[in-house]
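Read off the chains here:
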Amino acid sequence: MVDIKTVGVIGAGQMGSGIAHVCALGGYDVLLHDVSPDRIDQGIAQIEKNMVRQVSRGIISDEAMRAAVGRIKAAPELQTIGTTDLAIEAATENEETKKAIFKALGPHLKANTLLASNTSSISITRLASGTDRPGKFIGLHFMNPAPVMKLVEIIRGIATDADTYETAVNFAQSLGKTTSNAEDFPAFIVNRVLVPMINEAIYTLYEGVGTVDAIDTALRLGANHPMGPLELGDFIGLDTVLSIMNVLYEGLADSKYRPCPLLVKYVEAGWLGRKTGRGFYDYRGDKPVPTR
């Protein structure tokens, strides 16, 4: 099995920087890449900010933080990621974007480099088939936010080698994560259950059964959820919610996975949730206010 010492992370957004954060704390040397150099700098700055918060809460020591920050290096050129033992793609949830990344990275990979995708819904088998190493390809689906959430879904493609799977499980567990094996079907386990719930909450709003506040209050207090489903959709990103619903709808051909038209309209408006300042809540003021 591959002895992982260096990890490359492709994508320096919320997920990518979170994965780099936990890998560095786990003792791995990390190269962080993004198509935008500014985003790499912003990602590293966010990692440092989040680690400072962990120190203030007594979760990690100041010494551990300094060591972890020192392990993270910017990688403005994608080919640099090819020198790592494990390359994790954490780009936007779009199949063509992910395939293009793996195609561009392919010629620069070491012979034994393992490839992983942090996709939350797309077929690992299909992504792997476009690379030169489907046996060394696996899904590592970190939950968001990666530094806080304890679970990593491990998804084997049809061609994934047993050694690759065992290495991936050991790697995730070395980060202090609990692993759950999911078969390679649309949206795997977590999002197959979670995202249709969010979509159904949007239908409940769309059909006038309840307001944004009523729906989220009902699920927080009536089902003991830490976040209401509409608030959670905003946190995940409504574009990501729509993308996952489309993967489910197209992949399973079942009408129960039809994306709510109101979800489509919000995405068309660019109201994607927290990251754009507006979704089912308006986040531009001191306190989030429902937009419907």
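Everything numeric in this text was worked out from a predicted model, so none of it was measured.

## Some details on the sheet that holds strand β5 (residues 114-117)
Here comes step 1: The mixed open sheet is built from 8 strands, whose spatial order is β3-β2-β1-β4-β5-β6-β7-β8. Two strands close off the open sheet at either side, each with one partner strand: β3 (72-74) and β8 (178-182). Averaged over all pairs of adjacent strands, the angle between strand axes in this sheet comes to 25°, irrespective of strand direction.
Here comes step 2: By the bridge criterion, 3 bridges tie strand β2 (residues 29-33) to β3 in an arrangement that is parallel. Note on β3: the bridge partner recorded for leucine 31 is lysine 73.
Here comes step 3: Against the sheet, helix α4 (residues 95-105) makes contact with β1 (6-10), β4 (86-89), β5 and β6 (137-142), and its axis sits at roughly 165° relative to β5, the strand it touches most.
Here comes step 4: Running at roughly 25° to β6, helix α6 (residues 162-174) makes contact with β1, β4, β5, β6, β7 (151-156) and β8 of the sheet.

## Some remarks on the pairing of β1
Here comes step 1: Counted residue by residue, β1 has 4 buried out of 5 residues, so it is predominantly covered.
Here comes step 2: Considered for its hand, the β-α-β crossover made up of β1, helix α1 (residues 14-25) and β2 is right-handed.
Here comes step 3: Across 4 bridges, the pairing between β1 and β4 is parallel. Following the sheet pairing, valine 7 is matched in β4 by leucine 86.

## Observations concerning the domain arrangement of the chain
Here comes step 1: If you check the domain split of the chain, you get domain 1 (6-183) and domain 2 (192-290).
Here comes step 2: Here the C-alpha centroids of domain 1 and domain 2 sit 27 Å apart.
Here comes step 3: Contact residues are listed per partner, giving 7 residues for domain 1 and 4 residues for domain 2.
Here comes step 4: Roughly 480 Å² is buried in total at the junction of domain 1 and domain 2, and carbon and sulfur atoms are behind 58% of that figure.
Here comes step 5: Looking only at domain 1, the three residues that lose the most surface to domain 2 are Glu93, Ser121 and Asn144, adding up to 61% of its buried area.
Here comes step 6: Here domain 1 is connected to domain 2 by 0 salt bridges.
Here comes step 7: At the surface where domain 1 touches domain 2, the tally comes to 1 residue pair in polar contact (both at pLDDT 80 or more).
Here comes step 8: Looking at side-chain class alone, the side of domain 1 that touches domain 2 contains 2 nonpolar, 4 polar and 1 charged residues.

## Here's the deal with the pairing of β4
Here comes step 1: Burial along β4 is two-sided: Leu86 and Ile88 facing one way and Ala87 and Glu89 facing the other are all buried.
Here comes step 2: The handedness of the β4 to β5 crossover, carried by α4, is right-handed.

## Details of the side chain of serine 120
Here comes step 1: Locating serine 120 in the fold gives a position in the loop between β5 and α5 (124-129).
Here comes step 2: Excluding residues that lie within four positions of it along the chain, serine 120 makes contacts with Glu93, His141, Ala187, Phe188, Asn191 and Ile244.

The rules behind these values
One numbering rule holds for all chains: residues counted from 1, following each sequence as written. Reporting of local features is limited, given that this is a predicted model, to residues whose pLDDT is at least 70; pairs of side-chain atoms are given and counted only at 80 or more, and all residues count toward the totals for whole chains, interfaces and linings. Side-chain numbers come from the whole structure's heavy atoms, not from hydrogens or water. Two strands qualify as a pair provided that DSSP identifies no fewer than 2 bridges between them. Going along the chain from the N terminus, every DSSP run of H or I of four or more residues is numbered as a helix, and every run of E of two or more is numbered as a strand. Angles run from 0 to 180 degrees between N-to-C directions of axes, and those axes are lines fitted to C-alpha atoms, restricted for helices to the stretch in contact. The contact rule is simple, with two residues in contact once any of their heavy atoms fall within 4.5 Å. Relative accessibility thresholds used throughout: buried, under 20% of the residue-type maximum; exposed, over 50%; partly exposed, between the two (1.4 Å probe, protein chains only). Crossovers are described as right-handed under a simple rule: with the strands pointing away from the observer, the path leading from the first strand over the helix to the second runs clockwise. For the domains described, the bounds stem from an automatic or database domain assignment. Buried area adds together the accessible area that both of two parts lose upon being put together, with accessible area traced by a 1.4 Å probe. By salt bridge we mean one thing: a side-chain nitrogen of Lys or Arg within 4 Å of a carboxyl oxygen of Asp or Glu. Pairs of N or O atoms are called polar contacts if they sit within 3.5 Å, as long as, within protein, a hydrogen donor faces a hydrogen acceptor (for residues adjacent in sequence, only side-chain-to-side-chain pairs). Here the nonpolar group is Ala, Val, Leu, Ile, Met, Phe, Trp, Tyr, Cys and Pro; Asp, Glu, Lys and Arg are the charged ones; every other residue, Gly included, is treated as polar.

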